[in-house]
Amino acid sequence: MRTLIVVSGGDAPGINVALAQFVQDTQQSEGEAWGAIGGLPALVQGQWRALSPADLWPYVGLAGSILPSSREPILRDESAQAQARRLLRERGVDSVLLFGGDGTLRYVLPLLLSWGLPCVAIPTTIDNDVPDTDYTLGFDSACNYAYQAVDGVLATAHALGGRIFMLETLGGPTGYLALAVAHGAGAHAVLLPEYAYEQDWLAARLRAAAQAQGFALLVLSEGVAEARTLADTLAQRVGMRVRDVRLGHAQRGATPSHRDRTFARQAARLAHQAVRAGQSGIVVQRGAGLELVASLSGQRPAPDRALYDQINGL
Ligand code: F6P
């Protein structure tokens, strides 16, 4: 039983843990695990190598992915598809393990399945924006990284009062990550790309928080349209110093948390059992348990509006 592993799209903390578990389980069941060295382009170009548990051990505690990824949508091209199919057949690949976010799960998985190849996918993105699963690998680590940043910022907020701090998370065009961080951090306000807000309201809310507590904390997602100019606008409107902290890709490089390591191992075990049984699908979390679903059903509902309103005092 030979499985090719492909990491596609944005990396996420915990991928190396899942790789280590899958490769170890594969070796124990006397199978072979190969890795594509560069996402889907590497799949198409045949840049693969055999993986052993010893290759993975030094990296399990690190974010990123020891198997390089790519965002190049090379499989849109029919000649690339044909080349990939030929290589998979010629090199005796029995199954594929995919790591990726919404796009990978929605478009690449069905394509590989249409070639008659068993394929299992593990949702990986710090954005937690994939439908049908409560959880995507990397989200918890990214939240924990943000809390460390908040705690650092609050040290100054308490020591040097009279400021507004803006903390910008990643999240692409979605606000699930920013909402979770704002809630956990006890922010005075949160801005998400999905919900419009009035600048007068925001200025009044932050001014009141600063007057009551000596500082104000605003958390926003990078996808908020005004994110780049908001600090200056707010400073003028509120008449206070506004400091802008952007977590950027450092957040995606967060140390894998306990939850992500646990999820990664459970998801990899389930993926291994599935490929051994010739099954296909996406590993999803429903409540406390993991299961396999055939495909993504639709779009994920917008971030929890009640929680958004609660944080913002609406
Ligand atoms: O993978 C999701 C994500 O980390 C988003 O949060 C972020 O906007 C995006 O990827 C960044 O992508 P890239 O690394 O390609 O700039």
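Worth saying up front: this structure is predicted, and the values here are computed from it rather than measured. (Residues numbered from 1 in each chain as written. Predicted model: local features only at pLDDT ≥ 70, side-chain atom pairs only at ≥ 80, totals over all residues. Heavy atoms only, no water.)

Visitor: It is not clear to me how the pairing of strand β6 (residues 163-169) should be interpreted in this structure. Could you clarify?
Guide: On any regular strand, side chains alternate: one points to one face of the sheet, the next to the other face. Counting buried positions along β6 gives 7 out of 7 residues, so the element sits mostly inside the fold. Side chains Arg163, Phe165, Leu167 and Thr169 of β6 all project onto a buried face; the interleaved residues Ile164, Met166 and Glu168 project onto the opposite face, where all are buried too. Bridge count for β6 against strand β8 (residues 215-221) is 7 bridges, and the pairing is parallel. From the neighbouring strand, Met166 faces β8, where its bridge partner is Leu218. One ladder, built from 6 bridges, connects β6 with strand β9 (residues 241-246); its direction is parallel. Note on β9: the bridge partner recorded for Phe165 is Arg243. (Buried < 20%, exposed > 50% of the residue type's maximum accessible area, 1.4 Å probe, protein only. Helix = DSSP H or I, 4+ residues; strand = E, 2+ residues; numbered from the N terminus. Pairing = 2+ DSSP bridges.)

Visitor: I keep staring at the sheet that holds strand β11 (residues 289-293) and nothing clicks. Help me out?
Guide: Across a sheet, strands are paired by hydrogen bonds formed along the backbone, either parallel or antiparallel in direction. Strand order in this open sheet of 7 strands is β3-β2-β1-β4-β5-β10-β11, and the pairing throughout is mixed. Of all the strands in the sheet, the pair left with one neighbour each is β3 (48-51) and β11. For this sheet the average axis-to-axis angle between neighbouring strands, irrespective of direction, equals 30°. Pairing between strand β5 (residues 119-123) and strand β10 (residues 281-286): 2 bridges, direction parallel. Its bridge partner lying in β10, Ala121 is registered against Ile282. Seen against the sheet, helix α5 (residues 102-114) touches β4 (95-100), β5 and β10 and runs at an angle of roughly 170° to β4. (Axes fitted to C-alpha atoms, helices over the stretch in contact; angles between N-to-C directions. Contact = heavy atoms within 4.5 Å.)

Visitor: Honestly, the site of the ligand in this entry has me stumped. Any pointers?
Guide: Taken together, Gly10, Arg71, Thr125, Ile126, Asp127, Leu170, Gly171, Gly172, Glu222, His249 and Arg252 are the residues near the ligand. Within the contact set of the ligand, an oxygen atom lies 2.9 Å away from a side-chain nitrogen or oxygen of Arg252. Within the complex, 72% of the 400 Å² of free accessible area of the ligand lies under protein. There are two domains that each give the shell around the ligand at least three residues, and those are domain 1 (2-138 + 256-293) and domain 2 (140-253). (Near = heavy atom within 4 Å. Polar contact = N/O pair within 3.5 Å; in protein donor to acceptor, adjacent residues only side chain to side chain. Areas by Shrake-Rupley, 256 points an atom, 1.4 Å probe, with all protein chains shown as cover. Domains from an automatic or database assignment.)

Visitor: How should I be thinking about the pattern of salt bridges in this particular structure?
Guide: Any two side chains of opposite charge can pair, given that their charged atoms come close. Counted according to the given criterion, the structure contains 11 salt bridges. Linking Arg86 and Glu90 is a salt bridge whose minimum nitrogen-to-oxygen distance equals 3.3 Å. Residue Arg86 and its partner Glu90 are located together in helix α4 (residues 78-90), separated by 4 residues, close to a single helical turn. On the accessibility criterion, Arg86 (35% relative accessible area) is partly exposed. With a shortest N-O distance of 2.9 Å, Asp102 and Arg106 are connected by a salt bridge. In this pair, Asp102 and Arg106 are both assigned in helix α5, 4 residues apart and thus about one turn of the helix distant. Here Asp102 falls in the partly exposed class, since its relative accessible area comes to 22%. One continuous salt-bridge network, built from bridges that share partners, spans Glu168, Arg228, Asp244 and Arg246. (Salt bridge = Lys/Arg side-chain N within 4 Å of Asp/Glu carboxyl O.)

Visitor: I keep staring at the domain arrangement of the chain and nothing clicks. Help me out?
Guide: Size of an interface, as often reported, equals the accessible area lost when the parts are brought together. Each assigned domain of the chain is listed here: domain 1 (2-138 + 256-293) and domain 2 (140-253). Relative placement of domain 1 and domain 2: their C-alpha centres are 34 Å apart. With 15 residues of domain 1 in contact, the opposing surface of domain 2 contributes 12 residues. Both sides of the domain 1 and domain 2 interface together cover about 1000 Å² of buried area, and 52% of this is carbon and sulfur. Of all residues in domain 1, Asp11, Ile126 and Asp127 give up the largest surface area on contact with domain 2, accounting jointly for 45% of the area buried on that side. The tally of links between domain 1 and domain 2 comes to 1 salt bridge. Arg252 is the partner of Asp11 in a salt bridge, and the nearest nitrogen-oxygen pair spans 3.2 Å. Viewed at the interface, domain 2 and domain 1 are joined by 9 residue pairs in polar contact (both at pLDDT 80 or more). Per-class residue counts for the side of domain 1 that touches domain 2 are 5 nonpolar, 4 polar and 6 charged. (Buried area = accessible area lost by both parts, 1.4 Å probe. Nonpolar A, V, L, I, M, F, W, Y, C, P; charged D, E, K, R; others polar.)

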